[in-house]
Amino acid sequence: MALLRHHPLAVIVIAQLFGTSLWFSINGVWFSLAAELGLTEGDLGRLTLSVQAGFILGTLTLAVTGLADRFRASRIFALASLIGALMNAGFVLAAPHPGLDVALRFLTGLCLAGIYPLGMKMVIAWTPSHAGAALAWLVGMLTLGTATPHLLRGLTLGLPWEWALLGASALTLLGGALVLRLGDGSHLPPTAGPVALRGGLEALRLPGFRAAAGGYFGHMWELYAVWMLVPLLVARELARLDAGPALVPMLSWLIIGIGLVGCVIGGRLSRRRGSAWVAARALAISGALCLVYPLLAAFHAPPAMLIALLFLWGLTVIADSPQFSALASANAPADRVGASLALMNAVGFGLTLPAIWLTSHLWPGQGPWVVLWLLPGPVAGLIAMHGQGRGGPPQAAPTAR
């Protein structure tokens, strides 16, 4: 126990890595699953949307009931990890049954709402003096966790796809156990009394929070749709190179997982330049790629160049996320941080639904051109960050190294 408390950030981010491996566990085995059951890209979108919808309901529940501020975050995290691991493992039996498969993915997303937002609160509670850099590690591990199913599939090629799903569930159980042993930090109150939905909405009255939330919403329109598209884009370029599909999982893992590096670099830069500076530049770069990538693909740019751009996209598409969370927490009412972040997450993830639906359903006809549908998100996010009148962009002071 003492060892865990000496390294709380490491414990939390590792638990986040393990727990969020549930998020894209189906996407990691998609090509094997689709071949076995005759599924299409539309089915991939349907299952991905189910997780997102469950997460949204979960975060809204946290905001409405105030659970995020009334009960110990470590206990909610551990319970959500246990139930989420069971729901994810249950998909092994539910996969051939339309309806049941969606229900289990929805419940998995519901449980993820007890892992990701509560992980953010725990980071702030344990490391308040450098929240931007700490949240960078947390979101970086979310990114790596999202990519982990692709790694698990790459390591289990030749084995049934079920092995990768069960591996993600095992990791999640371990992550929940680590957080339960760690407990809660002392820099935020463990309880804040009953909180209604308006407790989270109160933060939207503050210009700094609105600007941070607006940037985050534009970022979310792009993020999860890009992560869903990565294996499809990789497979397209590998096919042009006449390379086998065996490389798709490992390349997808590397492209999504490199976001950890982007988050860490962004976190370090935030300590010198501030979170708003980092967030705006990362959002601008990923937004530019929404325009550049399909144009280059249309003009038959070399596959190696397009794969290199995917790595740049993976690096920047998530680097702004922890900075938006740091900005939001810094500008939210001190006794409503959990509810404010939960509500912001709920709205942000709500915006992922149309983006995922559009790109997954239009992919068969439009191919890489579907990426253009993501461009309005970063553009709107940048406008929101700098459009809060006299308040200007949200601010979080740089912290010392």
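Residues numbered from 1 in each chain as written. Predicted model: local features only at pLDDT ≥ 70, side-chain atom pairs only at ≥ 80, totals over all residues. Heavy atoms only, no water.

**Observations concerning the overall build of the protein**
- A tally of helices and strands in the protein yields 20 helices and zero strands.
- The proportion of buried residues among the 401 residues of the protein is 59%.
- Here the contacts in the protein between residues at least 6 apart in sequence split such that 85% fall between residues at least 24 apart.
- Summed over its atoms, the accessible surface of the protein is roughly 14900 Å², and 71% of this surface lies on carbon and sulfur atoms. (Helix = DSSP H or I, 4+ residues; strand = E, 2+ residues; numbered from the N terminus. Buried < 20%, exposed > 50% of the residue type's maximum accessible area, 1.4 Å probe, protein only. Contact = heavy atoms within 4.5 Å. Areas by Shrake-Rupley, 256 points an atom, 1.4 Å probe, with all protein chains shown as cover.)

**So, the layout of surface pockets**
- One number sums up the size of the second largest pocket: a volume of about 270 Å³.
- Leu-62, Ile-76, Ala-80, Leu-110 and Gly-114 are the residues nearest the centre of the second largest pocket, which is lined by 13 residues in total.
- Elements supplying a minimum of two residues to the lining of the second largest pocket: helix 5 (41-65), helix 7 (73-94) and helix 8 (100-112).
- Of the residues forming the lining of the second largest pocket, the biggest block, four residues, is contributed by helix 7.
- A breakdown of the residues in the lining of the second largest pocket according to their chemical character gives ten nonpolar, three polar and no charged. (1 Å grid on protein atoms, 1.4 Å probe; cavity = no way out; pocket = protein on both sides within 12 Å on 5 of 7 lines; lining within 4 Å. Points joined across faces, edges and corners; volume = space filled by probe spheres on them. Nonpolar A, V, L, I, M, F, W, Y, C, P; charged D, E, K, R; others polar.)

**Examining the packing of helix 14 (residues 247-257) against helix 17 (residues 303-316)**
- Contact pair helix 14 / helix 17: the axes reach a minimum separation of 7 Å and the direction vectors enclose 45°. What the angle tells us is that helix 14 and helix 17 run oblique. Side by side, helix 14 and helix 17 meet where Leu-251, Leu-254 and Ile-255 of the first sit next to Leu-310, Phe-311 and Gly-314 of the second.
- Here the contact of helix 14 with helix 17 is composed, by residue class, of five nonpolar, one polar and no charged. (Axes fitted to C-alpha atoms, helices over the stretch in contact; angles between N-to-C directions. Parallel < 35°, antiparallel > 145°, perpendicular 65-115°, else oblique.)

**Structural notes on the environment of Thr-108**
- Tracing the backbone through its elements, the reader meets Thr-108 in helix 8.
- Along the chain, Thr-108 and Ala-80 lie 28 residues apart, while their C-alpha atoms are 9.0 Å from each other.
- With residues up to four places along the chain from it excluded, the contact list for Thr-108 reads Leu-22, Gly-84, Met-87 and Asn-88.
- Of the polar contacts made by the side chain of Thr-108, one reaches the backbone oxygen of Leu-104; its length is 2.8 Å. (Polar contact = N/O pair within 3.5 Å; in protein donor to acceptor, adjacent residues only side chain to side chain.)

**So, the side chain of Gln-16**
- Here Gln-16 lies in helix 2 (residues 8-19).
- With sequence-adjacent residues up to four places away left out, Gln-16 is seen in contact with Phe-77, Ile-115, Tyr-116, Gly-119, Leu-138, Met-141 and Leu-142.

**Focus on the nonpolar core**
- The biggest cluster of nonpolar side chains holds 109 residues, and the ones touching the most others in it are Trp-23, Tyr-224, Leu-229, Trp-313 and Phe-349.
- In terms of residue count, the dominant contributor to this core is helix 13 (residues 207-240) (18 residues).
- When neighbours within four sequence positions are excluded, Phe-349 is seen to be in contact with Trp-23, Gln-52, Phe-55, Ile-56, Tyr-116, Tyr-216, Met-220 and Tyr-224. (Core = buried A, V, L, I, M, F, W, Y, C linked by side-chain atoms within 4.5 Å.)

**Focus on the pattern of salt bridges**
- One pass over the structure, following the stated rule, counts four salt bridges.
- Across the pair Asp-43 and Arg-46 runs a salt bridge, and its minimum N-O distance is 3.3 Å. One end of the pair is Asp-43 and the other is Arg-46, both in helix 5 and three residues apart, which spans about a single turn.
- On the basis of relative accessibility, which here comes to 27%, the residue Arg-46 falls in the partly exposed class.
- Among the ionic pairs, Arg-236 bridges to Glu-237, the shortest N-O distance being 2.4 Å.
- One salt-bridge network, in which partners are shared between bridges, spans Asp-43, Arg-46 and Asp-101. (Salt bridge = Lys/Arg side-chain N within 4 Å of Asp/Glu carboxyl O.)

**Side note on the side chain of Arg-153**
- Within the element layout of this structure, Arg-153 appears in helix 10 (residues 131-155).
- We note that Arg-153 is buried and unpaired, the nearest opposite charge coming from Glu-162 at a distance of 7.2 Å.
- A polar contact of 2.8 Å, which involves the side chain of Arg-153, links it to the side chain of Ser-32.
- Excluding anything up to four places from it in sequence, Arg-153 contacts Gly-28, Val-29, Ser-32, Leu-159, Pro-160, Trp-161, Ala-164 and Pro-249. (Lys, Arg positive; Asp, Glu negative; His and termini not counted.)

**Side note on the packing of aromatic side chains**
- Per the stated rule, a full pass over the model turns up 13 aromatic pairs.
- Residues Tyr-224 and Trp-227 carry aromatic rings whose centres are separated by 5.0 Å and whose planes lie at 70° to one another, so their mutual orientation is edge-to-face. With a gap of three residues between them, Tyr-224 and Trp-227 both fall in helix 13, about one helical turn apart.
- Residue Trp-227 is classed as buried on the basis of its relative accessible area of 1%.
- Members of the aromatic cluster, joined through ring pairs, are Trp-23, Phe-24, Phe-55, Tyr-116, Tyr-224, Trp-227 and Phe-349. (Phe/Tyr/Trp six-rings, centres within 6.5 Å; stacked < 30°, edge-to-face > 60°.)

**Points about unusual backbone geometry**
- Look at Asp-242: it is not a glycine, yet its phi comes out positive at around 60°.
- Following the sequence through the fold, Asp-242 ends up in the loop between helix 13 and helix 14.
- Judged by its relative accessible area of 72%, Asp-242 is exposed.

**Let's talk about a nonpolar patch on the surface**
- Taken together, the side chains of Leu-79, Leu-82, Ile-83, Leu-86 and Leu-173 present a nonpolar region at the surface, about 440 Å² in accessible area.
- At four residues, the largest contribution of residues to the nonpolar patch is made by helix 7.
- Looking at where Leu-82 falls in the secondary structure, it is placed in helix 7. (Patch = residues over 30% accessible without salt bridge, like charges linked within 9 Å, V, L, I, M, F, W, Y side chains within 5 Å.)

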